[in-house]
Amino acid sequence: MIRNLAIIAHVDHGKTTLVDQMLRQAGAFRANQQVEERVMDSNPLERERGITILAKNTAVRWGGTKINIVDTPGHADFGGEVERILRMVDGVLILVDAAEGPMPQTRFVTRKALALGLRPIVAINKIDRSDAEPLRVHDEVLGLFIDLDATHEQLDAPFLYTSSRAGTATAELEQPGTDLKPLFQAILDHVPSPKGDPDGPFQMLVSTLDFSSFLGRIAIGRIERGRVKVGDQVALLPLGEPGLVEGEEFERNKVTRLYTFDGLNRVEVDEAEAGDIVALSGFETIEIGRTFTAVEHPERLAGIAVEEPTISVDVIVNNSPFAGREGKYVTSRQLKDRLYRELERNVALRVEETDSPDTHTVSGRGELHLGILMETMRREGYEFQVSRPRVITKLGDDGERQEPYEELTVDVPEEYMGVVMEKLGPRRSEMIEMRNPGQGMVRLTFRIPSRGLFGYRSEFLTDTRGTGIMHHRYLDYGPWAGPLAGRKRGVLVADREGSVVAFALGNLQERAQMFVSPGDLVYEGMIAGESSRPGDLDVNVTKEKKLTNMRTTASDENVILEPPRQITLEYALEYIEEDELIEITPKTIRLRKRVLTANDRKKAARAARVADAS
């Protein structure tokens with residue numbers, strides 16, 4: 001007996017914590033075993049940020065039934081992970097916060113799950129929150145199902161009230177739960193068994209990949225039909241239209257290892273049959289979306305469709321004066337190999353070559369999606385530069401230019417509502433909905449061009465004094481919104497190479513917010529701070545105090561410096577303009593001008609003005 005289930009929810013609604021408790025209560029850990037919190041978030045970046053980035057498999061046994069569970073990301077930027085994972089399961093557990101209700105990403109992943117005909121179970125989570133309103137949220141979830149054209153069977157979904165931190169679930173609010181038994185029972189009752197015929201010819205779709213230095217590539221997916229044994233000769237079909245493959249060349253090889261999941265471990269087995277989620281090795285050219293079949297019956301399954309990327313950046317070899325000082329991998333060949341290796345796992349990513357061998361265009365689902373890739377590469381020892389993100393436009397039916405639009409949901413205290421609407425106006429946003437539940441927080445929903453969100457997050461947090469919450473998800477393509485205002489302030493650009501001196505910063509900080517501190521190394525063309533006025537300024541941040549034997553009234557002023565602004569990767573992507581780049585190395589993130597010398601920048605600006613005038 002097998003059940004295959006994916007857990008989907010908006011970011012931070014408690015998916016990974018609930019999987020923790022399911023593993024504990026199903027006896028996946030020994031009584032005295034030391035287990036970290038959010039055990040499924042195994043990647044160091046996931047642990048630091050408290051978010052799930054990669055979908056992961058686990059399995060628990062309840063009674064005589066094996067339940068395969070997939071924990072999925074909540075950010076729409078990682079929607080590519082969710083879309084391919086849903087092909088492996090027969091049911092979904094939709095987790096919704098009892099105070100926040102269905103959020104944009106809940107809608108995004110629920111739409112995908114309902115369209116695939118999966119049976120949902122709804123868990124209204126965090127009912128122990130002080131501001132929880134589970135009954136209101138129950139109605140909102142039903143409203144969401146109706147909006148998404150759910151079938152009658154899907155609308156009959158069971159509702160449970162859970163607390164993933166406490167590890168309890170109940171079907172009736174009046175009877176508080178003591179454990180997760182009602183949840184396990186609902187999974188057995190409402191998630192259908194896999195439909196595949198175990199006696200038919202073998203067939204399996206590759207839904208995700210893993211890599212082992214010992215075994216090479218490992219394919220993970222659900223066996224749709226038939227059985228597979230270690231040592232069996234199977235075929236790996238190329239991508240293409242579903243149906244019987246005739247006349248095409250395909251790879252044949254033996255299955256060298258076969259694994260199923262149990263708790264957090266992979267267990268080696270000799271044989272697996274239809275319905276189970278397995279990992280198998282033995283092929284070098286495994287790709288996501290390809291089909292494994294029996295050699296005598298090569299029938300291809302439909303591949304995995306993933307929504308197109310909406311944002312792209314240029315990844316350039318580091319050519320700054322400090323290039324090669326901190327990184328291990330700095331050449332264009334190493335950078336190219338690493339980007340193409342990422343494509344094997346990251347199905348929502350695209351990499352294209354440009355006219356220059358030093359530059360590759362990388363496209364993804366959002367700034368976070370691209371930012372996580374850059375942060376991972378940086379930690380692996382790569383050194384590179386990145387341009388400002390730009391949206392991917394396309395032509396409409398009548399040949400008009402179109403750009404991606406996002407649905408932006410903002411929760412803000414009432415007193416900051418005016419300033420948020422005032423800032424979003426010039427960014428070409430259009431309000432769709434405004435709800436005030438009377439709790440002091442107002443929920444505003446906007447339709448806004450993706451370009452309009454560049455650089456807005458840090459401004460939003462400042463305007464709302466850190467009390468606002470914003471989430472956005474890709475909506476659709478719409479008409480080009482026209483020019484948008486860029487950064488209002490100019491930057492301070494270092495005019496020579498050297499070490500930053502406190503004396504120089506003391507004179508500059510009255511009219512700027514600095515990005516560097518005393519002792520940092522700078523080079524000509526590097527951005528050292530943000531000016532308080534429009535227009536860029538070339539400054540000398542290495543200027544030392546002249547030491548003479550003449551006495552002055554201001555002999556030794558004590559220079560008190562404000563702390564510099566911390567430059568994170570996300571902030572840098574939002575901040576820079578077209579004529580600037582981010583230099584990313586394993587130790588530092590620097591902002592710089594594309595053209596480093598001041599004279600060359602003036603010549604380029606003059607040439608641009610002449611071109612505009614003509």
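The structure this text deals with has already been given above.
Residues numbered from 1 in each chain as written. Predicted model: local features only at pLDDT ≥ 70, side-chain atom pairs only at ≥ 80, totals over all residues. Heavy atoms only, no water.

**Brief notes about unusual backbone geometry**
Which entries qualify depends on this criterion: A run of DSSP states H or I qualifies as a helix once it reaches four residues; a run of E qualifies as a strand once it reaches two. Both are numbered from the N-terminal end. Any residue under 20% of the maximum accessible area for its type is buried, any over 50% is exposed, and the rest in between are partly exposed; the area is computed with a 1.4 Å probe on protein chains only.
The phi torsion at Asp149 lies on the positive side, around 60°, for a residue other than glycine. Mapping Asp149 onto the fold places it in the loop between α5 (134-147) and α6 (152-155). You can call Asp149 exposed: its relative accessible area is 67%. Even without a glycine there, the phi angle at Arg465 is positive, about 55°. Looking at the element boundaries, Arg465 is found in the loop between α11 (456-463) and β30 (469-479).

**A closer look at the sheet that holds strand β36 (residues 537-539)**
Operational definition: Think of it this way: DSSP has to see at least two bridges between two strands before they count as a pair. To define axes, lines are fitted to C-alpha atoms, for helices over the stretch in contact only, and angles between the resulting N-to-C directions are given on a 0 to 180 degree scale.
Across the sheet, four strands lie side by side as β33-β35-β31-β36; this open sheet has mixed pairing. Both edges of this open sheet fall to β33 (512-514) and β36, since each of them pairs with a single strand only. Sheet twist, expressed as the mean angle between neighbouring strand axes with direction ignored, is 35°. Bridging between β33 and strand β35 (residues 527-531) involves three bridges; their strand directions are antiparallel. Residue pairing across strands places Met514 opposite Gly529, the latter belonging to β35.

**Remarks on the environment of Thr293**
To keep it simple, the criterion reads: When checking whether two residues touch, look at their non-hydrogen atoms; a contact exists if any pair is within 4.5 Å.
With respect to the secondary-structure elements, Thr293 resides in strand β19 (residues 291-294). Exposure remark for Thr293: the relative accessible area of 0% places this residue in the buried category. When the C-alpha positions of Thr293 and Arg252 are compared, they lie 9.7 Å apart, and in sequence the two are 41 residues distant. Once residues within four sequence positions are removed from consideration, Thr293 is found in contact with Phe202, Gln203, Val234, Ala235, Leu237, Pro298 and Glu299.

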